[in-house]
Amino acid sequence: MARPVDVPALVESATAGTPRSVARLVSLVEDGNPALPQIMAALVPHTGRAHVVGLTGAPGVGKSTTTNALVGALRAQGKRVAVLAVDPSSPFSGGALLGDRIRMQDHTTDPGVFIRSVASRGHLGGLSAATPQVVRVLDAAGFDVVLVETVGVGQSEVEVAGAADTTLVLLAPGMGDGIQAAKAGILEIGDVFVVNKADRADADATVRDLRHMVGLADRRAPNLWRPVVVKASAATGAGIEEVLAAIAKHHDWARSSGELRVRRIRRAAAEVEALALTRLRARLGDLRAGSALGEAAVAVVDGRQDPFTAADRLLAAIR
Ligand SMILES: Nc1nc2c(ncn2[C@@H]2O[C@H](COP(=O)(O)OP(=O)(O)OP(=O)(O)O)[C@@H](O)[C@H]2O)c(=O)[nH]1
Ligand SMILES: [Mg+2]
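Residues numbered from 1 in each chain as written. Chains lettered and ligands numbered in written order. Predicted model: local features only at pLDDT ≥ 70, side-chain atom pairs only at ≥ 80, totals over all residues. Heavy atoms only, no water.

Before going further, it helps to examine the side chain of Arg 116. Along the chain, the position of Arg 116 falls in strand β3 (residues 113-121). Arg 116 sits in the buried class, given a relative accessible area of 11%. A polar side-chain atom of Arg 116 sits 2.8 Å from a polar atom in the side chain of Ser 27. (Helix = DSSP H or I, 4+ residues; strand = E, 2+ residues; numbered from the N terminus. Buried < 20%, exposed > 50% of the residue type's maximum accessible area, 1.4 Å probe, protein only. Polar contact = N/O pair within 3.5 Å; in protein donor to acceptor, adjacent residues only side chain to side chain.)

Pasting the structure below:
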C-alpha cells in the first residue's frame, strides 16, 4: 500500500522549495499516484515563472556536460536550477541515467540545484503527459530555470524538446554536420544551436555549415527568431557564457513576441490531449470484458452496422 498523501501540506512545503517535498512530488508523478489530479490542481496557481530550456542532440554529443556547465554558470548568477534528464526509451525508474547523475556530482550538495532522471515509457498518458507534470512540480517549487535533457534525437525527443520555452540543439564536429541536422528534423526545433567539443578539429566548418542552413530556413520566415549558432567546449567551459547569453536572448524575444505563450499553450494542449485520450481508451474498455467496443465490433462483423455509425454510437454512449 502506498503511503497516503497529505496534498495541501506537501504542496505547501514543495512550493516553499523544500528539496525533500519536491522529490516526493516528482516520485508521485513517476508512480502515477491517484492523488495526481489533486496535486496538479494545487500546483497550477504557483506555475508560469520558470524558464523551461530543452537540450537535445545525438548520444554522446555532450548534453550532460553542457547541462552541468550551464548549472554552474546559472548558479553563479544566483539562479535556482532544476535538471530533468528524460530517457524516453526505458521504463519509469528513479535510477535511470546513473551516468548523468555521476557527471552532475558537482552540484549534488547545492540546495539551489535539483537533479532528477526520469524515464517515462509505459506511464499513464505517456511521455507527453509525464514530462510536463514533472516540469510543473519544478516550476511551482520556484526554480528559475528548468533544464530538460532528452536522450537522442528521435521523434519523442523532438516532441519534448519542441515543447520547451527555449530549445537547444547540440552537435559536435564530425558527428552532426548541418546535413545530418536537417535530416533529423532538428533545424526546425533549435532556437540555439551549440557546436560542442569545439576543442576538436572541424568545429568551425560545422558552425559555418549550420549558420548557412539556418540562414536558408530563415529566408522563409523573415519575422521569426533567427536561431543562434554558438561554439562551445562544455568540458572546459569555453563558450558557456555565450550559450547562456543566447538562451537569455531567446527568452526575452519569446516573451516580447508572444511566442512564449504560444509554446506554453501548445505544451498544455499536448498534455491535456494525452490525458483525455488515455481516459477515453480506458472507457472504451477491452474486448475480453464484453465492453461496448466488443459489442460494436460484433455488430460490424455480423453486417448489422457500419464502422462509422458504430464509432459514433460508441462515443455517444461513453459520454
Ligand atoms: N573533447 C571534448 N569532449 C567532451 C566535451 N563535452 C563533453 N565531452 C565528452 O563527451 C562524452 C559524452 O559527454 P556527455 O555529456 O555524457 O554526452 P551526452 O550527450 O549527455 O551523452 P548521452 O546522455 O549518453 O546521450 C564524455 O566523455 C565527455 O567528457 C567537450 O567540450 N570536448
Ligand atoms: Mg547525457
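There's more to say after this.
If you look at the biggest cluster of nonpolar residues, it comprises 31 residues, and the most contacted ones within it are Ile 39 and Leu 138. For this core, the secondary-structure elements that each account for two or more residues are α1 (7-15), α2 (19-30), α3 (36-43), β2 (81-91), β3, α6 (126-140) and β4 (145-150). If sequence neighbours within four positions are ignored, Leu 138 has contacts with Val 22, Val 26, Ala 82, Phe 114, Phe 143 and Val 146. Core analysis: the next-biggest nonpolar cluster, separate from the first, contains 28 residues, Leu 55, Val 71, Ala 172 and Leu 244 among them. (Core = buried A, V, L, I, M, F, W, Y, C linked by side-chain atoms within 4.5 Å. Contact = heavy atoms within 4.5 Å.)

A few words on α3. Restricting attention to buried positions, one finds in α3 the residues Leu 36, Ile 39, Met 40 and Leu 43. All buried residues of α3 lie within an arc of 95 degrees about the axis, which places them on one face of the element. Exposed side of α3, more than 90 degrees from the buried face: Pro 37 and Ala 41 are the residues found there. (Arc of directions from axis to C-beta.)

Along the chain, Arg 263 falls in helix α11 (residues 259-284). Note: C-alpha distance between Arg 263 and Ala 164 (99 residues apart in sequence) is 7.4 Å. Not counting chain neighbours up to four residues away, the residues in contact with Arg 263 comprise Ala 164, Asp 165, Thr 166, Thr 167, Asp 191 and His 250.

All right, on to the pattern of salt bridges then. By the definition in use, this model includes 10 salt bridges. Here Arg 116 ties to Glu 30 by a salt bridge, and the two come within 2.8 Å at their closest N and O atoms. Linking Arg 116 in strand β3 with Glu 30 in helix α2, this pair joins segments that are 86 residues apart in sequence. Assessed through its relative accessible area of 9%, Glu 30 is described here as buried. Each member of the salt-bridge network shares a partner with another, and the members are Asp 165, Arg 264 and Arg 267. (Salt bridge = Lys/Arg side-chain N within 4 Å of Asp/Glu carboxyl O.)

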